[in-house]
Amino acid sequence: MDGKTAISKDTFYQIFLHCLPSGSSIKQGRQLALPFRALSWNSEVHAALFVHRVSGLPKGLYFLVRNEDHLEDLRKRMRPEFTWKKPEGCPHDLPLYVLATGDCRELSKKLSCHQDIASDGCFSLGMVARFEPVLHESGAWMYPRLFWETGMLGQVLYLEAHAVGISATGIGCFFDDPVHEVLGLNGSDYQSLYHFTVGGPVMEKRILSLPAYPGPGIDA
């Protein structure tokens, strides 16, 4: 991430409208919208957002609720000082909330194993899943499926980023317990499972690109 690219708040909202499991204008929870309808369970994955460079929005910690049946439980379990206010201009059918304002670049970097990509994008995020109750309700087979849901959300973010001319990448190394501490989550009812960042790309010059393989009629 280049540490300077910014996006507008309208673009930011557009990206996350496409991350909703149920589509627009209805309560979020059932996975009805593409590509999420490939998953047979109600959404269990939310997103804690670290907003760094979104024009028209204050920097800070935001939260996207992807299953609105979890909203009151999340509010009860997370820090009492969080504001849970809709940001300015947020579409009425986008369950996105401001938790706290302030510069979160250093915090997001530390939470993602001190990697600059978490702080140098337009925003980064941690995917927070309802965890232990899901395993009790549905069995251990849901454990990998929670990661399927985070992976599908990540793929949508890749597509959305490239559609608006920027880039994105997953972040595999992060400190889950400090993420829970920042949010005020105790126990294992909710767990941070995956991190992600979106912003202006920096080309990696150490990666070598070679021509495609020769055709079948050519002796390589």
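Right above here is the structure, for reference.
Residues numbered from 1 in each chain as written. Predicted model: local features only at pLDDT ≥ 70, side-chain atom pairs only at ≥ 80, totals over all residues. Heavy atoms only, no water.

Chemist: Explain the overall build of the protein here, please?
Modeler: What the protein contains, in helices and strands, is six helices and eight strands. A compact globule built from 220 residues would reach a C-alpha radius of gyration of about 17 Å, and the protein, at 18 Å, matches this within 12%. The proportion of buried residues among the 220 residues of the protein is 50%. Intrachain contacts of the protein at a sequence separation of at least 6 include 72% that bridge at least 24 residues. Per element, the accessible surface of the protein, about 11,000 Å² overall, is 53% carbon and sulfur. (Helix = DSSP H or I, 4+ residues; strand = E, 2+ residues; numbered from the N terminus. Rg over C-alpha atoms; globule rule 2.2 N^0.38 Å. Buried < 20%, exposed > 50% of the residue type's maximum accessible area, 1.4 Å probe, protein only. Contact = heavy atoms within 4.5 Å. Areas by Shrake-Rupley, 256 points an atom, 1.4 Å probe, with all protein chains shown as cover.)

Chemist: Whenever I open this one, the state of the cysteines confuses me. Can you help?
Modeler: Simply put, the disulfide is a covalent bond whose two ends are the sulfur atoms of two cysteines. Summed over the entire model, instances satisfying the criterion amount to one disulfide. Each sulfur of the disulfide joining cysteine 113 and cysteine 173 lies 2.1 Å from the other. With the S-S bond torsion at -80°, the cross-link from cysteine 113 to cysteine 173 turns out left-handed. Within this pair, whereas cysteine 113 is found in the loop between helix H3 (105–111) and strand S6 (123–130), its partner cysteine 173 is found in the loop between strand S7 (167–171) and helix H6 (176–183), the two being separated by 60 residues in sequence. Relative accessible area serves as the criterion here: at 18%, cysteine 113 is assigned to the buried category. Cysteine 19 takes part in no disulfide bond, and the closest cysteine sulfur to it belongs to cysteine 90, at a distance of 13 Å. (Disulfide = S-S within 2.5 Å.)

Chemist: Sorry, what's going on with H6 here?
Modeler: Turning to H6, its buried residues are Val179, His180, Val182 and Leu183. Mapping the buried residues of H6 onto a view down its axis gives an arc of 160°, with all of them on the same face. Among the exposed residues of H6, those pointing more than 90 degrees away from its buried face are Asp177 and Glu181. Those residues of H6 that are buried are in contact with strand S2 (45–51), strand S4 (60–64), strand S5 (96–101), H3, S6 and strand S8 (190–199). Positive backbone phi, at 85°, marks glycine 184, one or two positions downstream of H6. (Arc of directions from axis to C-beta.)

Chemist: Teacher, can you tell me more about the pattern of salt bridges here?
Modeler: Working definition: two side chains of opposite charge can pair if their charged atoms are close together. According to the stated counting rule, one finds ten salt bridges in the structure shown. Ionic pairing is found between arginine 130 and glutamate 137, a salt bridge with its closest N-O pair at 2.9 Å. Take arginine 130: its relative accessible area is 12%, and that puts it in the buried class. Among the charged side chains, a salt-bridge network with shared partners connects Glu44, Arg130 and Glu137. (Salt bridge = Lys/Arg side-chain N within 4 Å of Asp/Glu carboxyl O.)

Chemist: Could you clarify how one ought to interpret the sheet that holds S6 in this entry?
Modeler: In a beta sheet, neighbouring strands are held together by backbone hydrogen bonds and run either parallel or antiparallel to one another. Here six strands make up an open sheet; going across it, the order is S5-S4-S2-S6-S8-S7 and the pairing antiparallel. Two strands lie at the open edges of the sheet, namely S5 and S7, each paired on one side alone. The average undirected angle you get between the axes of adjacent strands in this sheet is 25°. Examined bridge by bridge, S2 and S6 share seven bridges and lie antiparallel to one another. Note on S6: the bridge partner recorded for alanine 48 is glycine 126. Its contacts with the sheet place helix H5 (residues 142–163) against S2, S6, S7 and S8, and it is angled at close to 15° to S8. In the packing of H6 onto the sheet, the strands contacted are S2, S4, S5, S6 and S8, and the crossing angle to S8 comes to about 90°. (Pairing = 2+ DSSP bridges. Axes fitted to C-alpha atoms, helices over the stretch in contact; angles between N-to-C directions.)

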